[in-house]
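One letter stands for each residue in the lines below.
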Protein chains: 2
Amino acid sequence: VTLSGSPHDFDAFVRGYAAGDIDDGAMTQWLREVFAHGLADEETFSLTMALAHSGKVIEWPEIHEPVADKHSTGGVGDAVTLIAVPLAAACGVHVAKLSGRALGHTGGTIDKLECVPGLRTDLTIEEFKDQVRRVGCAVSAATADIAPAEKKLYALRHRTNTIASVPLIAASIMSKKIAAGATCIVLDVKFGEGAFMRTLDEAKSLAAAMESIGVRAGLSMKTLLTSMDEPLADSIGDGLELDEALTLMEDRGGSKPLREVAVAVAEAMVEAAGRPRAEVESALSSGRAREAFAAMIQAQGGRLAEFDRHWPAAHSMPAQRDGAVARIDARMLGEIVAAAKERSGGTAAQRLGVRIVRRVGDRVRRGEPLLLSWLPHDDAMHSALARTYTIADRAEPLPPRVMEGGARPGPER
Amino acid sequence: VTLSGSPHDFDAFVRGYAAGDIDDGAMTQWLREVFAHGLADEETFSLTMALAHSGKVIEWPEIHEPVADKHSTGGVGDAVTLIAVPLAAACGVHVAKLSGRALGHTGGTIDKLECVPGLRTDLTIEEFKDQVRRVGCAVSAATADIAPAEKKLYALRHRTNTIASVPLIAASIMSKKIAAGATCIVLDVKFGEGAFMRTLDEAKSLAAAMESIGVRAGLSMKTLLTSMDEPLADSIGDGLELDEALTLMEDRGGSKPLREVAVAVAEAMVEAAGRPRAEVESALSSGRAREAFAAMIQAQGGRLAEFDRHWPAAHSMPAQRDGAVARIDARMLGEIVAAAKERSGGTAAQRLGVRIVRRVGDRVRRGEPLLLSWLPHDDAMHSALARTYTIADRAEPLPPRVMEGGARPGPER
């Protein structure tokens, strides 16, 4: 397979692959080329547009204002969407978000939302558009006709170990955003131990590649680089994270890191939509975001009052020594919860998870609980959880979690 | 903490840190600066030399020929050292290798060697030098006085989540190599799903950074980029990998990927030492590498005849469907074995592991064994192992495993 790289070729190539005229073997050969040698910016853009236009592209002519969307490259305890979407909506921005399910050690917004009895995440495109127009925001799962070639290509990339390529990741994410039709896109690109991209340099490359695509497509783009060195929410687990997001929007608690990133993402959405970001903080603390969330849930058929926010007694994991929490292995915690969910299956999985009691920097005494666990317990589980905490004599404070302004592409950089 | 970046400053800084005059707080602040903003090449070099000279630096004046060493950035089933070191020695190259223990999901050569009853891996520097001179090769654990500041700094980097920085990784690895004194260094930089660096670009950056340091230090450098998309050996587990390495050197089997990478690494060592690489293949197939291995083990007190190469009946994990193996999750397999080892502890851990029966590309029928397991079994273990295999209708062949010539630094690149 030789590609000259012109948009015409990419269109035909992607269409041929979607139709089955180009088989997995030929596509794999090309993916491995890209994995090894990369793509030029124009090529990445052409690939993105071809994937975006392989199915329905949502348009928003009825809304005479910007429509915003956000994407996270995946984190642990990353309940940001649950808060940032209604928060931006509470500031008057229309938010149209298509979300995904859990992947590997990272959680999925759709799984978290489905903890609300009756809630539909399978809105048709018409229902999705109608809700955004009427209620101000909607979070639903992508329908099968949104960027279908991307879905097929992603499955092949997983099978052929060609996921870890900056241009392919950028094209995959941006094609779905472009197909969903929002004009203001906020990218929350994670770096660090719990993220797909561990080095800041790789996260910056990915942010720059996605911004470049968005700018070429005429979108208003904002990129945040945020650290995934410790879980964002105190909770990891679908129901627990939803509960914490509600608590946070009710101004009754919730983790500081989650609040910080959710506010930063909402501010970026508000700003990308051309509104003053100063409103965001008060929309959260005043409870208006909580109201917008309730309206969104109700519009999607959810009965929030029936979501059980009482949690049974948990197993407590005590500190083995006096000291300070130096490190929490976010990736490992995410994997432990994901594996337990997979073993459980069904709605019981929604009630599984852990809640962090002591964070990095906190002093602890031997025997004090570090985290609470609602996972099936045996010795193996206990020792796996114990390994996720490092207690040292003293701990260094974490660096700033949010690093704004990833990389706007341009010759001056 | 402000550093102008001159070698003088780095020396004083590293010496001050090793002595405790500069505390963890100040060092953490600096590490976070480097994590966020990187280091210039000269700075990385100065840091490396300061770390290398924080303890004893081994010299080899008695050997009037090149002394070779190799380093792998860490893999799953990466038993390459066990083969490549005696193989290069069998070709007449002196090999002086200081190795490490298992780290995260990747294995450690020292753990594998210690499966041989009586074998010492705690050679003094004098014993180490004497053995290389007499026997031609030695693999031992780094003594406490080799690059002690690097050990202290690495522990801090782990606690503060500043591992994932290309200049810091490069300085850490190269400082230990430079302190060990070899003049020919082969770097096996892994990329892909089972590696620390997932993208090829990151692996290339790391290879270039390490080559740049080595070239400045006047060393003969060779860099291989090798894929960690599936486990290298068929075996994962200390005793099983040692057994497979022996089998391979006895020309009675062993995995093709392991053989391919071991030969490539040995060829690079032989070439870096200025000898013809053509000898390597015959030194392996003729059994001369096996003899060199036996001599090395014996010199270190190991009683190879007492290493039990009979393995009890294993649990067999069957294919759930007809098809072809599309993907094996090397990282997950490594983590499963590492977790089981940690739970077991002691010498029993040496007998734990898995052996791959079907590799990527192999056709399988439902019910046929995919892998054999010598791990404590329950439902959770069974389902965890089952998740590591992806069976599809057809599988695409893997790309070349060894990509030579990482990146020689220079203005033309």
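This structure is a prediction, so every number in the text was calculated from the model and none was measured.

J.: Please explain the side chain of R401 of chain B as it appears in this structure.
T.: Residue position: R401 of chain B is located in the loop between β12 (389-392) and β13 (402-404). Beyond its immediate stretch of four places on either side in the chain, R401 of chain B contacts L225, T226, S227, E230, L232, P257, E260 and V261 of chain B.

J.: Help me understand the pattern of salt bridges, please; the structure alone is not making it clear to me.
T.: Any two side chains of opposite charge can pair, so long as their charged atoms come close to each other. Inspection of every chain in the model, using the stated rule, returns 72 salt bridges over all chains. Across the pair K129 of chain A and E62 of chain A runs a salt bridge whose closest N-O atoms are separated by 3.3 Å. Placement of K129 of chain A in helix α6 (residues 125-135) and of E62 of chain A in the loop between α3 (41-52) and β1 (67-72) is noted, with a sequence separation of 67 residues between them. E62 of chain A gets classed as partly exposed once you look at its relative accessible area, which sits at 35%. Note that E271 of chain B and R277 of chain B form a salt bridge whose closest N and O atoms lie 3.2 Å from each other. Note on R277 of chain B: relative accessible area 27%, which makes it partly exposed. Via salt bridges that share partners, D243, E250, R252, R290, R309 and R355 of chain A belong to a single interconnected network.

J.: Can you help me understand the confidence of the model for chain A in this one?
T.: Interpretation of this model should avoid reading the predicted coordinates in detail wherever pLDDT is low. Per-residue confidence for chain A averages 93 on the pLDDT scale, and 96% of its residues sit at or above 70. The low-confidence segment residues 406-413 of chain A (pLDDT under 50) makes 14 contacts with residues lying over four places distant or belonging to another chain.

J.: Quick question: what am I supposed to make of the relation of the copies chain B and chain A here?
T.: Superposition of the two copies of the chain requires a rotation about an axis together with a shift along that axis. Taken as rigid bodies, chain B and chain A are interconverted by a rotation of 180 degrees and an axial shift of 0.0 Å, the fit giving an RMSD of 0.0 Å. Overall, the copies show the geometry of a two-fold rotation axis. Rotation axis and chain B: the residue whose C-alpha lies nearest the axis is E202 of chain B, separated from it by 3.6 Å.

J.: What exactly am I supposed to notice about the interface of chain B and chain A here?
T.: It is common to report an interface's size as the accessible area lost on association of the parts. Taken together, the contact between chain B and chain A spans 40 residues of the former and 41 residues of the latter. Where chain B abuts chain A, roughly 3800 Å² becomes buried across the two surfaces, and 52% of that area is made up of carbon and sulfur atoms. At the boundary of chain B and chain A, one finds two salt bridges. Among the ionic pairs, E342 of chain B bridges to R387 of chain A, the shortest N-O distance being 3.6 Å. Where chain B meets chain A, there are eleven residue pairs in polar contact (both at pLDDT 80 or more).

J.: Looking at this structure, I do not really get the sheet that holds strand β9 (residues 353-356) of chain A. What am I missing?
T.: By definition, the strands of a sheet pair up through backbone hydrogen bonds, in either a parallel or an antiparallel sense. Residues and elements named next belong to chain A. Spatially, four strands are ordered β6-β9-β11-β7 in an open sheet, and the strand pairing comes out antiparallel. Of all the strands in the sheet, just β6 (235-236) and β7 (315-318) have a single pairing partner and so form its edges. Bridge count for β7 against strand β11 (residues 369-374) is four bridges, and the pairing is antiparallel. Each residue of the ladder has a partner; that of H315, found in β11, is S373.

About the criteria used
Residues numbered from 1 in each chain as written. Chains lettered and ligands numbered in written order. Predicted model: local features only at pLDDT ≥ 70, side-chain atom pairs only at ≥ 80, totals over all residues. Heavy atoms only, no water. Helix = DSSP H or I, 4+ residues; strand = E, 2+ residues; numbered from the N terminus. Contact = heavy atoms within 4.5 Å. Salt bridge = Lys/Arg side-chain N within 4 Å of Asp/Glu carboxyl O. Buried < 20%, exposed > 50% of the residue type's maximum accessible area, 1.4 Å probe, protein only. pLDDT = per-residue confidence, 0-100. Least-squares fit on C-alpha atoms with pLDDT ≥ 70 in both. Buried area = accessible area lost by both parts, 1.4 Å probe. Polar contact = N/O pair within 3.5 Å; in protein donor to acceptor, adjacent residues only side chain to side chain. Pairing = 2+ DSSP bridges.

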